Structure formats: C-alpha cells, structure tokens
Amino acid sequence: MKVVIVGGVAGGAGTAARLRRNDEEAEIVLLEKGPHISYANCGLPYYVGGVIQEKGKLQLQTPQSFYSRFRVDVRTGHEAVSVNLEKKTVIVCAGGKNYEESYDKLVLSPGAEPVVPPVEGLVLSGWRLRRTFLREGFRYR
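Computed from a predicted model, the values in this text were never measured in an experiment.

What counts and what doesn't
Residues numbered from 1 in each chain as written. Predicted model: local features only at pLDDT ≥ 70, side-chain atom pairs only at ≥ 80, totals over all residues. Heavy atoms only, no water. Core = buried A, V, L, I, M, F, W, Y, C linked by side-chain atoms within 4.5 Å. Buried < 20%, exposed > 50% of the residue type's maximum accessible area, 1.4 Å probe, protein only. Helix = DSSP H or I, 4+ residues; strand = E, 2+ residues; numbered from the N terminus. Phe/Tyr/Trp six-rings, centres within 6.5 Å; stacked < 30°, edge-to-face > 60°. Pairing = 2+ DSSP bridges. Axes fitted to C-alpha atoms, helices over the stretch in contact; angles between N-to-C directions. Lys, Arg positive; Asp, Glu negative; His and termini not counted. Salt bridge = Lys/Arg side-chain N within 4 Å of Asp/Glu carboxyl O. Polar contact = N/O pair within 3.5 Å; in protein donor to acceptor, adjacent residues only side chain to side chain. Contact = heavy atoms within 4.5 Å. Patch = residues over 30% accessible without salt bridge, like charges linked within 9 Å, V, L, I, M, F, W, Y side chains within 5 Å. Areas by Shrake-Rupley, 256 points an atom, 1.4 Å probe, with all protein chains shown as cover.

A. Geometry of the nonpolar core. Judged by nonpolar contacts, the single largest core of 13 residues is most densely connected at Ile5, Ala16, Ile28, Leu30, Phe66, Val72 and Val74. Going through the elements one at a time, strand E1 (2–6), helix H1 (9–22), strand E2 (27–32) and helix H3 (63–70) are the ones with two or more residues in this core. Top element by residues in this core is H1. It accounts for three residues. Grouped together as the second largest cluster of nonpolar side chains are seven residues, Val4, Leu31, Val92 and Tyr103 included.

Dropping the structure here:
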C-alpha cells in the first residue's frame, strides 16, 4: 500500500509515524511545501519572547532523520497543487516543475493560516501575529 500525506508538522508527521508503526511494509510519502517537516509548536512563545534565540532550535526532525527513524520519503519544497480522485493521483509542484504522484490512500494535513479580522488596534507596535512569523519563512509563506 502506498500512502501520500500532504503536510508535515504535527498532523502529517504524526500520521506518518503512526502509519509506520501500524504497517512496516507501507510506502509512505510525505509532501511538505515549506522547508521543515517538524518543529516545536509549543516553543514558539519562547522564540517570540527571546528565551530561544535561534529558530533552528525548534526544529525536531529533518527529512533525513525522519527517514532513518520511520522509513518515510519526506519531500520538503513539494507543494500538492491538485488531486485527481478518480485516478488516485496528486499533482505536485517542486522547483517550478509539476509531476504526478500516485497513491492508494491519501491524507490531507496541510495546516492553515489564521484569519485576522480588520479590527482597529489588533496589530500593535512590537507585537506580531503568528501568521507573520510563519510568513517569515519558518513554515509556509
């Protein structure tokens, strides 16, 4: 069985690890459009507060370490752009080129960006919203 997981971090990486524990023979491919597959979400307040100085200290797994531990084909910088349910394929964009990835089972765990309502005073000087932190290159945009 081949499983394609769209999205890393807690949802996607956790699913991949559980799948491996349940099925030693499955082919597991994890697609993450950002540069990291896993980071310590609970450490974000410490980074923003200056207790943790380097973003890299929040990184829990690399594609190489995740493969060594769970035998999962992790592809960072690979964005799933469409799904064909009838053909059981995902169109993936990597390095400006598209390719087709087949699957038997598909897991969608792409995460989300918060919606920030246009409320006066919501963004104060010296503060930044989590989506701003993410856009600075830690996860998605």
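B. Region of the structure containing the packing of aromatic side chains. Applying the stated criterion across every chain yields a total of one aromatic pair. Both rings, one in phenylalanine 66 and one in phenylalanine 70, keep their centres 4.9 Å apart while their planes meet at 50°; by these two values the pair is tilted. Here phenylalanine 66 pairs with phenylalanine 70, and both are found in helix H3, just four residues apart, close to one helical turn. On the basis of relative accessibility, which here comes to 3%, the residue phenylalanine 66 falls in the buried class. Overall, phenylalanine 70 belongs to the buried group, its relative accessible area being 9%.

C. Here's a closer look at the sheet that holds strand E7 (residues 89–94). One open sheet accounts for three strands, arranged E6-E7-E8; its pairing is antiparallel. One side of each edge strand has no neighbouring strand; the edge strands of this open sheet are strand E6 (78–84) and strand E8 (97–102). Taken pair by pair, the neighbouring strands of this sheet meet at an average axis angle of 30°, ignoring direction. As paired strands, E6 and E7 are joined by six bridges and run antiparallel to one another.

D. Local environment of the side chain of arginine 20. Tracing the chain through its elements places arginine 20 in helix H1. No salt bridge forms around the buried arginine 20; measuring N to O, its nearest opposite-charge neighbour glutamate 24 is 5.1 Å away. Among the polar contacts made by the side chain of arginine 20, one reaches the main-chain carbonyl oxygen of glutamate 24 at a distance of 3.2 Å. Other than its neighbours up to four places away in sequence, arginine 20 contacts Glu25, Ala26, Ile28, Phe70 and Arg71.

E. Region of the structure containing the sheet that holds strand E9 (residues 105–108). Strand order in the open sheet formed by four strands is E5-E2-E1-E9, and the pairing between neighbours is parallel. Each edge of the open sheet is held by one strand with a lone partner, namely strand E5 (73–76) and E9. When strand polarity is set aside, the average angle formed by the axes of neighbouring strands in this sheet is 15°. Against the sheet, H1 engages E1, E2 and E9, with an angle of about 175° to E2.

F. Spotlight on a nonpolar patch on the surface. Judged by side-chain polarity, Val83, Leu85 and Leu108 come together as a nonpolar surface patch covering roughly 310 Å² of accessible area. For valine 83, the position within the fold is in strand E6. With relative accessibility at 38%, the residue valine 83 sits in the partly exposed group.

G. Geometry of the pairing of E7. Connecting E6 to the antiparallel partner E7 that follows it, the hairpin turn spans four residues, and lysine 88 within it adopts a positive phi of roughly 55°. In the sheet, E7 pairs with E8 via six bridges, with the strands oriented antiparallel. Its bridge partner lying in E8, valine 92 is registered against tyrosine 99. Between E7 and E8, which follow one another and run antiparallel, lie two residues, and glycine 95 among them has a positive phi close to 60°.

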